[in-house]
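Chain by chain, the residues:
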Amino acid sequence: MSGGIDARLAGAVRRAQRVAVLTGAGISAESGIPTFRDAQTGLWARFRPEELATPEAFERDPRLVWDWYEWRRGLVAAAAPNAGHRALARMQARVGRFTLITQNVDGLHQRGGVTDVVELHGNIHRNKCFAEGVVCEGRPDEGERPPRCPRCGAPLRPDVVWFGESLPAAALARAEAAARDCDLFFSIGTSAAVYPAAQLPVTALQSGAILVEVNKDPTPLTRLATFSLLGPAGDLLPRLVGAAWPAE
Ligand code: BJW
């Protein structure tokens, strides 16, 4: 045992040649970004997803949705990557082939030092045209809420994936390929409730990978996982990386 981490797990991480990691809102919780489904503190405990995170909601009340995302952009701007994000950057530096797949839209993995992040649900910092889907670079004119697309005048929306919308095809294809072709798959800080992301750990397991779950609470994946680490990611991930590569 090293820092409470199972030596068999530390050995498996050290030996892994191809690692895929799926993260969810839980990894950013210790940076002060609210999760979605945690009782009391999760966004969906306070807000109704069908009023804020669907294209129909935006059509009904674009200003309400825009202002909600502006509030969340403020939370992200005030946040910094935590020890869990940084531990994954150290892992990337040690592993031959490392694919970090995130459902998060906050960009904290990139700020924490991970490169080439696969963003399944978009990025809250970008906007796109609601009519044509074209990404609008830079900060749009603040006069109107939501601002208008400079090309066609339709309202701009955040470039995130709402319920009922397809995930970016290239990102999903990369995530599925990494899940099929890894020897170790981490599911970290996700309730594994939202598809198709929740299918990725199952795909990895079915393809012969070791599945490691890191979550402060049990999820539907816990009983399937080869190793389950119950606790905060910001505590467990640095200890796991330290146990796998003790000289670091
Ligand atoms: C900690 C911690 C700490 C806390 N340390 N841990 C198959 C079956 C059933 C339904 C479907 C299906 N296929 C598709 C669907 C429909 C739907 C879906 O999955 N619905 C389910 C809810 C039932 N999926 C879709 O609509 C997707 N589109 C799609 O599939 O298109 C094709 C299609 C369409 C229609 C029908 C069929 C096919 C799109 C999903 C888009 C999700 N969008 C959101 C919002 C993104 C933008 C934004 O940020 O505003 O994405 S919803 C929200 O959930 C967000 C997240 O990325 C996503 C996942 O949440 P996550 O990250 O897991 O967070 P939580 O809060 O749920 O969990 C946090 C976890 O961390 C908890 O376990 C805590 O315990 C833990 N934790 N602190 C470690 N410190």
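Just above sits the structure.
Being a predicted model, the structure only gives us computed values, none of them experimental.

Draft legend 1. Focus on the sheet that holds strand S4 (residues 122-129). Pairing is antiparallel in the open sheet, where three strands are placed in the order S5-S4-S6. Looking at the sheet topology across the chains shown, the edges are occupied by strand S5 (135-136) and strand S6 (156-160). Pairing of S4 with S6 involves five bridges; the strand directions are antiparallel. For Asn 127, the partnering residue across the bridge sits in S6 and is Pro 158. The strands touched by helix H6 (residues 62-77) are S4 and S6; relative to S4, the strand with the most contacts, the crossing angle is about 145°.

Draft legend 2. Structural detail: the pattern of salt bridges. Enumeration according to the criterion identifies 17 salt bridges in this entry. A salt bridge links Asp 183 to Arg 18; its shortest N-O distance comes to 3.2 Å. Note that Asp 183 is positioned in the loop between helix H9 (169-180) and strand S7 (184-188) and Arg 18 in strand S1 (residues 18-23), a separation of 165 residues in sequence. Notably, a salt bridge pairs Lys 216 with Asp 38, separated by 3.1 Å at the nearest N-O pair. Within this pair, whereas Lys 216 is found in the loop between strand S8 (210-215) and strand S9 (227-230), its partner Asp 38 is found in the loop between helix H2 (26-29) and helix H3 (43-46), the two being separated by 178 residues in sequence. It is possible to trace a salt-bridge network through shared partners that takes in Arg 18, Arg 97, Asp 181 and Asp 183.

Draft legend 3. Focus on the site of the ligand. Near the ligand lie 35 residues; those nearest to it are Tyr 69, Arg 72, Glu 165, Thr 190 and Ser 191. His 121 has a polar side-chain atom sitting 2.8 Å from an oxygen atom of the ligand. Between an oxygen atom of the ligand and a side-chain N or O atom of Thr 190, the distance comes to 2.7 Å. Here the ligand loses 77% of its free accessible area of 1500 Å² to cover by the protein chains. Breaking the shell around the ligand down by element, the ones donating at least two residues are H2 and H6.

Draft legend 4. Quick peek at the packing of H9 against helix H10 (residues 199-206). Axis separation between H9 and H10 bottoms out at 7 Å; the angle between their running directions is 35°. Residue-level contacts link Ala 175, Glu 176, Ala 179 and Arg 180 of H9 to Leu 200, Thr 203 and Ala 204 of H10. Residue composition of the contact of H9 with H10, grouped by class: four nonpolar, one polar and two charged.

Draft legend 5. Quick peek at the pairing of S1. Burial of S1 is extensive: five of the six residues sit out of reach of the surface. Pairing analysis gives six bridges linking S1 to strand S2 (residues 97-102), with the strands arranged parallel. Across the sheet, residue Val 19 finds its bridge partner in S2, namely Phe 98. As paired elements, S1 and S7 share five bridges and run parallel to each other. Bridge assignment links Val 19 to a residue of S7, and that residue is Leu 184.

Thresholds applied
- Residues numbered from 1 in each chain as written.
- Predicted model: local features only at pLDDT ≥ 70, side-chain atom pairs only at ≥ 80, totals over all residues.
- Heavy atoms only, no water.
- Pairing = 2+ DSSP bridges.
- Helix = DSSP H or I, 4+ residues; strand = E, 2+ residues; numbered from the N terminus.
- Contact = heavy atoms within 4.5 Å.
- Axes fitted to C-alpha atoms, helices over the stretch in contact; angles between N-to-C directions.
- Salt bridge = Lys/Arg side-chain N within 4 Å of Asp/Glu carboxyl O.
- Near = heavy atom within 4 Å.
- Polar contact = N/O pair within 3.5 Å; in protein donor to acceptor, adjacent residues only side chain to side chain.
- Areas by Shrake-Rupley, 256 points an atom, 1.4 Å probe, with all protein chains shown as cover.
- Nonpolar A, V, L, I, M, F, W, Y, C, P; charged D, E, K, R; others polar.
- Buried < 20%, exposed > 50% of the residue type's maximum accessible area, 1.4 Å probe, protein only.

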